[in-house]
Amino acid sequence: MNAPENGLVNALERPANGFTRLIDIVFPGDANHHGTLFGGIGLAHMDKVAFLVASRYAHVDFVTASCERIDFHVPAHVGEIVELTGKVVRVGRRSLSVEVDLVAEAPLSGERRLSTRGVFNMVAADPLERYGGALPPLLDEPETPVSESASCEIVFPDQTSHYGSLYGGHVLAAMGKSAFVAATRHCRKIVVMAASQRVDFMDQVLAGEMIELQPSIVATGRTSMTVEVTMVAEALLSENRRLCGKGTFVMVAVDENHRPVPIA
Amino acid sequence: MNAPENGLVNALERPANGFTRLIDIVFPGDANHHGTLFGGIGLAHMDKVAFLVASRYAHVDFVTASCERIDFHVPAHVGEIVELTGKVVRVGRRSLSVEVDLVAEAPLSGERRLSTRGVFNMVAADPLERYGGALPPLLDEPETPVSESASCEIVFPDQTSHYGSLYGGHVLAAMGKSAFVAATRHCRKIVVMAASQRVDFMDQVLAGEMIELQPSIVATGRTSMTVEVTMVAEALLSENRRLCGKGTFVMVAVDENHRPVPIA
Amino acid sequence: MNAPENGLVNALERPANGFTRLIDIVFPGDANHHGTLFGGIGLAHMDKVAFLVASRYAHVDFVTASCERIDFHVPAHVGEIVELTGKVVRVGRRSLSVEVDLVAEAPLSGERRLSTRGVFNMVAADPLERYGGALPPLLDEPETPVSESASCEIVFPDQTSHYGSLYGGHVLAAMGKSAFVAATRHCRKIVVMAASQRVDFMDQVLAGEMIELQPSIVATGRTSMTVEVTMVAEALLSENRRLCGKGTFVMVAVDENHRPVPIA
């Protein structure tokens, strides 16, 4: 593990047993026209988390071999926050199982409901030479504290330039979403971005790397919240984590007519 | 042609004259804010089908040279099923013409309307050495029966990992959509996924391959339908087809308040 | 600069100081569920324009180093046209600054509001040998006239086939959007595509190239407008521009029930 830099202890520590959280918002394009998340899209999100968890547990390439029965208890609605968390629950010689929860969170009330839970069986596609031919056993590690609004995302090849590095625009969109979630959770009102303050890009992010966005509310006014978002990149096949970007965003609580309202 | 395996005759047979069907749902992101499919998006879908038809007719790379006049008779609306079918209608020495129909289907009434029809002229970008320098002539083959809810899709590079194979999550999303269409057509009610039963991934799918999803209703209850979906991958530049995945999904008919209702 | 061909003076001339315009429509998937564009998505659009402006100013690879404070004055709504324009405003030895405006335009009234403006600092990632080690100084060039509805777009790797060239379907979708914007601006009514007339693809477009769509209204009827759209591709690392496609589209003004209405 790298030494933490800049006091970003959480941002640069790796959680135990591959624990990974991904936070997103249900967009209309992911929902049927009655406004609930398509089951298949939910499954796709869950599989992505399972892939990240497996890759962070053992730094080899994994493929999904199967997923067990998954029940959809309650639907997630358009505009809700969905929070997916996954962790390794079983380790075999060349395969492991990842349990993934999908929680739907109403943005204004904060009500959270377990929408679905599933187990994905992932198989190592590499020879595992670095681990002596078998995956390392599951440890009874204490859980590393992870900021509750930190969100991981894999960088797909289509988000990179033809030079292979993540476009700044994707980073800005991801930072904006992270600030949106943190501010919404802080005030439980409709929030919009009033300003993006200085954003710095320290290092390039490559396709196949994971990025982790960590928002924190650094100041509040009567109707506004200032959210600092750091972006750490993590090479999935190594232990390497590095700070790649930092931005500050001013989010304002508004009513349905887009007029500012007090945050508390 | 490969020998059918596992009794999947339809799933592993190639239809005559490149016949290809693609089924999708009109999402809000593909529509203007009055709720009808953008003409340009419809054209993009049609071109994708034309590319698949040409590639399946002759296993060489094709590019779209032109498309003839295309009239939009009636619009497709958000939430409707769109079914595109294409087949080769003319073959020249190095080019061929593909006729593509776009049918809009109301999910609850089942009413189908021919929204538009177009002809795309595709030119081979390869030397055609394997065919002696000219495309093979169009045969008066009998139409191969193809399941009416089977849907083909091309695997774009952005859907693959940086190892070049299709992410499991995309497969789950595609299988979920296939089960959704089959269940909707079975009961003509709003349907949601209640459970994903065991899903197995037998083989990797590579960028540039075509996948065909074939759903079939294997059991029904009072409010539920169990849909088995198989996924076959087809290498466009060869005759190679192979079973790559299979999943079972429980779909439930619901009313507008998300309460289960009888399917008949 | 290449000599203009086919009388397409505007289409084949490069504007001064990297001036670039990108026109898009606010889709539901880019907005919160209260119908206004997410700040982060707006920032992502702006960064893309900054990248294009920098690349067209000096033909080397650029990365975004930082962006200065950006204020969101008024929101853009779903269904509105967003027009982003950018130009180089400062040039250093290895870096330059691009100012980007984002204007929201109501499609029916034509009202335009400056939604936000930002400055992006871009750094050359290449050794700049072709420029003697430093970026060329900013000239006080007269502004090249650019058609007000011409729109540029970068071709991402995910829009290309596994042979590396842009899919015809993406071109058709982009041409359709261009015709939609031009026709909407002409009549300020709801418009739909009634027909796509012959579309020709003269040359392939490669990943990493920029395309510029230029629509022009070539005929009008009582309820219809015929829009010709040309597509020019521009290799960002060279001066090379070439005509790659041309299509003609019949757009019809309709009321909310999709019945044709007079355009004036």
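About the cut-offs
- Residues numbered from 1 in each chain as written.
- Chains lettered and ligands numbered in written order.
- Predicted model: local features only at pLDDT ≥ 70, side-chain atom pairs only at ≥ 80, totals over all residues.
- Heavy atoms only, no water.
- Phe/Tyr/Trp six-rings, centres within 6.5 Å; stacked < 30°, edge-to-face > 60°.
- Helix = DSSP H or I, 4+ residues; strand = E, 2+ residues; numbered from the N terminus.
- Buried < 20%, exposed > 50% of the residue type's maximum accessible area, 1.4 Å probe, protein only.
- Polar contact = N/O pair within 3.5 Å; in protein donor to acceptor, adjacent residues only side chain to side chain.
- Contact = heavy atoms within 4.5 Å.
- Buried area = accessible area lost by both parts, 1.4 Å probe.
- Salt bridge = Lys/Arg side-chain N within 4 Å of Asp/Glu carboxyl O.
- Nonpolar A, V, L, I, M, F, W, Y, C, P; charged D, E, K, R; others polar.
- Pairing = 2+ DSSP bridges.
- Least-squares fit on C-alpha atoms with pLDDT ≥ 70 in both.
- Axes fitted to C-alpha atoms, helices over the stretch in contact; angles between N-to-C directions.
- Parallel < 35°, antiparallel > 145°, perpendicular 65-115°, else oblique.
- Expected span 1.5 Å × (residues − 1).

Considerations on the packing of aromatic side chains
Turning to step 1, where the next piece is worked out: Scanning the model with the defined rule gives three aromatic pairs over all chains in all.
Turning to step 2, where the next piece is worked out: Aromatic pair F38 of chain A and F180 of chain B: ring centres 5.0 Å apart, planes at 90°, arrangement edge-to-face. Note that F38 of chain A is positioned in the loop between β1 (20–25) and α2 (39–57) and F180 of chain B in helix α3 (residues 168–187), a pairing that runs across two chains.
Turning to step 3, where the next piece is worked out: Note on F38 of chain A: relative accessible area 11%, which makes it buried.
Turning to step 4, where the next piece is worked out: Accessibility expressed as a relative area gives 13% for F180 of chain B, which makes it buried.

What to know about the side chain of E234 of chain A
Residue and element names in this part refer to chain A.
Turning to step 1, where the next piece is worked out: For E234, the position within the fold is in strand β10 (residues 224–234).
Turning to step 2, where the next piece is worked out: One polar contact links E234 to R56, side chain to side chain, over a distance of 3.0 Å.
Turning to step 3, where the next piece is worked out: Among the polar contacts listed, one links the side chain of E234 to the side chain of R241, at a separation of 2.4 Å.

Description of the interface of chain C and chain A
Turning to step 1, where the next piece is worked out: Listed as interface residues are 35 residues of chain C and, on the opposing side, 33 residues of chain A.
Turning to step 2, where the next piece is worked out: Interface area, chain C with chain A, both sides summed: about 2,700 Å², of which 65% is carbon and sulfur.
Turning to step 3, where the next piece is worked out: One can count one salt bridge joining chain C with chain A.
Turning to step 4, where the next piece is worked out: Across the contact surface, chain C and chain A share six residue pairs in polar contact (both at pLDDT 80 or more).
Turning to step 5, where the next piece is worked out: Elements with a minimum of two residues in the side of chain C that touches chain A: α2 (39–57), β2 (62–67), β3 (70–72) and β6 (112–124) of chain C.
Turning to step 6, where the next piece is worked out: When residues of the side of chain C that touches chain A are assigned to their parent elements, the largest contribution, seven residues, is made by α2 of chain C.
Turning to step 7, where the next piece is worked out: Residue classes in the side of chain C that touches chain A are distributed as 18 nonpolar, 11 polar and six charged.
Turning to step 8, where the next piece is worked out: Relative to β2 of chain C, strand β8 (residues 190–201) of chain A is paired through two bridges, and the arrangement is antiparallel. Its bridge partner being in β2 of chain C, V199 of chain A is matched across the sheet by C67 of chain C.

Notes on the relation of the copies chain C and chain A
Turning to step 1, where the next piece is worked out: The two copies are related by a screw operation: chain C maps onto chain A through 120° of rotation and 0.0 Å of translation along the axis, at an RMSD of 0.0 Å. Accordingly, the operation relating the two chain copies is best matched by a three-fold axis.
Turning to step 2, where the next piece is worked out: Looking at the interface residues of chain C, only 6% of them are also at the interface in chain A, so each copy uses its own face.

Regarding the relation of the copies chain B and chain A
Turning to step 1, where the next piece is worked out: Between chain B and chain A, the superposition needs a rotation of 120° and an axial shift of 0.0 Å, giving an RMSD of 0.0 Å.
Turning to step 2, where the next piece is worked out: Little of the interface of chain B is mirrored in chain A, where only 6% of its interface residues again form contacts.

Details of the interface of chain B and chain A
Turning to step 1, where the next piece is worked out: The interface is formed by 32 residues belonging to chain B together with 35 residues belonging to chain A.
Turning to step 2, where the next piece is worked out: Surface buried jointly by chain B and chain A totals about 2,700 Å² across both partners, of which 65% is contributed by carbon and sulfur atoms.
Turning to step 3, where the next piece is worked out: Inspection of the chain B/chain A interface yields one salt bridge.
Turning to step 4, where the next piece is worked out: With a shortest N-O distance of 3.4 Å, R198 of chain B and E68 of chain A are connected by a salt bridge.
Turning to step 5, where the next piece is worked out: Viewed at the interface, chain A and chain B are joined by six residue pairs in polar contact (both at pLDDT 80 or more).
Turning to step 6, where the next piece is worked out: Elements supplying a minimum of two residues to the side of chain B that touches chain A: α3 and β8 (190–201) of chain B.
Turning to step 7, where the next piece is worked out: Grouping the constituent residues of the side of chain B that touches chain A by class yields 18 nonpolar, 10 polar and four charged.
Turning to step 8, where the next piece is worked out: Taken together, the two bridges between strand β3 (residues 70–72) of chain A and β8 of chain B define a ladder with antiparallel strand orientation. Looking across to β8 of chain B, one finds that I70 of chain A is bridged to S196 of chain B.

A few points about the pairing of strand β4 (residues 81–91) of chain A
Residues and elements named next belong to chain A.
Turning to step 1, where the next piece is worked out: Pairing between β1 and β4: six bridges, direction antiparallel. The residue of β4 that forms the bridge with T20 is G86.
Turning to step 2, where the next piece is worked out: The pairing of β4 with strand β5 (residues 95–105) spans 10 bridges and is classified as antiparallel. Across the sheet, the residue bridging to T85 is D101, located in β5.
Turning to step 3, where the next piece is worked out: Taken together, β4 and the strand that follows it, β5, pair antiparallel across an intervening segment of three residues.

Focus: the side chain of S196 of chain A
Turning to step 1, where the next piece is worked out: With respect to the helices, strands and loops of the structure, S196 of chain A is situated in strand β8.
Turning to step 2, where the next piece is worked out: Using a relative accessible area of 0% as the deciding quantity, one classes S196 of chain A as buried.
Turning to step 3, where the next piece is worked out: Leaving out residues up to four positions away in the same chain, S196 of chain A has contacts with T248 and F249 of chain A together with L43, C67, E68, R69, I70 and F72 of chain C.

Quick word on the pattern of salt bridges
All names here are of chain A.
Turning to step 1, where the next piece is worked out: Tallying each qualifying case throughout the model produces 60 salt bridges over all chains.
Turning to step 2, where the next piece is worked out: A salt bridge links R56 to E212; the nearest nitrogen and oxygen atoms lie 3.9 Å apart. Of this pair, R56 sits in helix α2 while E212 is found in strand β9 (residues 210–220), placing the two residues 156 residues apart along the sequence.
Turning to step 3, where the next piece is worked out: Overall, E212 belongs to the buried group, its relative accessible area being 6%.

A word on the packing of α2 of chain A against α3 of chain B
Each pair of packed helices gets described by two things: the angle between the helix axes and the distance between those axes.
Turning to step 1, where the next piece is worked out: Orientation of α2 of chain A relative to α3 of chain B, taken along the N-to-C sense of each, is 170°, at an axis distance of 7 Å. Here α3 of chain B runs roughly antiparallel to α2 of chain A, going by the angle between their axes. In contact with G40, I41, L43, A44 and D47 of chain A of α2 of chain A, α3 of chain B contributes G168, G169, L172, A173 and G176 of chain B.
Turning to step 2, where the next piece is worked out: Along the lines of polarity and charge, the residues of the contact of α2 of chain A with α3 of chain B split into five nonpolar, four polar and one charged.

Looking at the environment of A253 of chain A
Residues and elements named next belong to chain A.
Turning to step 1, where the next piece is worked out: Assignment of secondary structure puts A253 in strand β11 (residues 241–254).
Turning to step 2, where the next piece is worked out: Of the residues examined, A253 reaches a relative accessible area of 0% and is grouped as buried.
Turning to step 3, where the next piece is worked out: In this structure the C-alpha to C-alpha distance between A253 and I190, which are 63 residues apart in sequence, comes to 5.6 Å.
Turning to step 4, where the next piece is worked out: Other than its neighbours up to four places away in sequence, A253 contacts C187, K189, I190, V191, T223, M225, R259, P260, V261 and I263.

Considerations on α3 of chain B
Turning to step 1, where the next piece is worked out: Counted at 1.5 Å a residue, the expected span for α3 of chain B with its 20 residues is 28 Å, and the 29 Å between its end C-alpha atoms agrees.
Turning to step 2, where the next piece is worked out: A large share of α3 of chain B lies buried, amounting to 15 of its 20 residues.

Some thoughts on the environment of I23 of chain B
Residue and element names in this part refer to chain B.
Turning to step 1, where the next piece is worked out: Within the element layout of this structure, I23 appears in strand β1 (residues 20–25).
Turning to step 2, where the next piece is worked out: Note on I23: relative accessible area 5%, which makes it buried.
Turning to step 3, where the next piece is worked out: Residues I23 and S149 lie 126 residues apart in sequence; the distance between their C-alpha atoms is 7.6 Å.
Turning to step 4, where the next piece is worked out: Here I23 is in contact with I81, V82, E83, E148, S149, A150, S151, K177, V181 and R185, once residues within four sequence places are set aside.

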